[in-house]
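# Coordinate analysis (summary)
Here are the chains, one letter per residue:
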Amino acid sequence: MKKILKVENIQKYYGNKDNITKAIDGISFHVEEGEFLGIMGASRSGKTTLLNCISTIDTVSSGHIYLEDQDITEIKEENIAKFRRKNLGFIFQDFNLLDTLTIEENIALILTINRISEKEINQKILEIAKKLGIEDILNKYPYQVSGGQKQRCASARAIVNNPKLILADEPTGSLDSKAARQLLEIMEEMNQKMKATILMVTHDAYSASFCGKILFLKDGKIFNKIEKGEKQRRDFYHEILDVLALLGGDARDVR
């Protein structure tokens, strides 16, 4: 399989010489095309810092991160926004939809910024809307549709530009159990049917059970790695709980 993301021996320090905190301590791994990878760990394990470095929100202190063959640790500041628009998709806790734009316009926003032709924009939006079952609400505004439809709109926006990697930081953190399950099922659908490559940071074992592989972090290092393989999701969920018990992390299950 093609390696979409390669993280090579990255380290991240915060502070100054009198008070240095090592948030990431020599992490290396790769993500293959079409994978759904979960990153888990307790607070201050380094998982959010890792995601921020991959998304170019933060920079590494040493090491390299490659998206396909591009070393993103060497991208110049003035080119970072363009890189994100062309290569990354984001799924947020609170959807980040603009109420002044229709569902269609929200999805189209990234394509418009990237100067895609109007004909191609319309074609792409209709195609992704059909796949996610929201073609009937494209002319409505976010405040006129349900929470589940907003999730599908936000997911459509994340994938419509065919990004190389979709990043999600605790996407179910502020959702109730029903909404969380709906979003996770949408992400699973994006991964399995649309071949989206997804990296999700979560502290929740239930959310993580939708992933195909999970890396567990502790004190800025990889503590363990497990794969779903042919296991049923329920069995994988219990395996996750077992690792979290060893890790001493948060095995919260609110569902």
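Structural notes, computed from the coordinates.

Analysis parameters
Residues numbered from 1 in each chain as written. Predicted model: local features only at pLDDT ≥ 70, side-chain atom pairs only at ≥ 80, totals over all residues. Heavy atoms only, no water. Buried < 20%, exposed > 50% of the residue type's maximum accessible area, 1.4 Å probe, protein only. Helix = DSSP H or I, 4+ residues; strand = E, 2+ residues; numbered from the N terminus. Contact = heavy atoms within 4.5 Å. Salt bridge = Lys/Arg side-chain N within 4 Å of Asp/Glu carboxyl O. Axes fitted to C-alpha atoms, helices over the stretch in contact; angles between N-to-C directions. Parallel < 35°, antiparallel > 145°, perpendicular 65-115°, else oblique. Left-handed = near helix turned anticlockwise from the far one by under 90°.

### Focus: helix H3 (residues 103-113)
- All buried positions along H3 are accounted for by Ile103, Asn106, Ile107, Ala108, Ile110 and Leu111.
- Buried residues along H3 sit in contact with helix H2 (80-87), helix H4 (118-131) and helix H5 (147-159).
- Immediately downstream of H3, the backbone of arginine 115 shows phi near 60°, a positive value.

### Thoughts on the pattern of salt bridges
- What the rule picks out here adds up to nine salt bridges.
- Between glutamate 68 and lysine 2 there is a salt bridge, with its nearest N and O atoms 2.7 Å apart. Remark: lysine 2 occurs in the segment before strand S1 (3-16) and glutamate 68 occurs in the loop between strand S4 (62-67) and strand S5 (70-71); sequence separation between them is 66 residues.
- Exposure remark for lysine 2: the relative accessible area of 42% places this residue in the partly exposed category.
- When the shortest N-O distance is used, the salt bridge between glutamate 68 and lysine 164 registers 3.1 Å. Separated by 96 residues along the polypeptide, glutamate 68 in the loop between S4 and S5 and lysine 164 in the loop between H5 and strand S7 (165-169) bring together distant segments of the chain.
- Using a relative accessible area of 28% as the deciding quantity, one classes lysine 164 as partly exposed.
- Bridged by salt links that share partners, the residues Lys2, Glu68 and Lys164 form one connected network.

### Some remarks on the packing of H3 against H5
- One can describe the packing of H3 onto H5 by two numbers: an axis separation of 8 Å at closest approach and a directional angle of 25°. As summarised for this structure, H3 and H5 are arranged roughly parallel, according to the angle between their axes. Remark: the crossing between H3 and H5 carries right-handed chirality. Of the residues in H5, those touching H3 at Ile103, Asn106, Ile107 and Ile110 are Cys153, Ala156 and Arg157.

### Here we look at unusual backbone geometry
- Here the phi dihedral of asparagine 9 falls at roughly 50°; this positive angle occurs in a residue that is not glycine.
- Mapped onto the fold, asparagine 9 is located in strand S1.
- Accessibility expressed as a relative area gives 44% for asparagine 9, which makes it partly exposed.
- In this model, lysine 195 sits at a positive phi of 60°, which is unusual for a non-glycine residue.
- You can call lysine 195 exposed: its relative accessible area is 59%.

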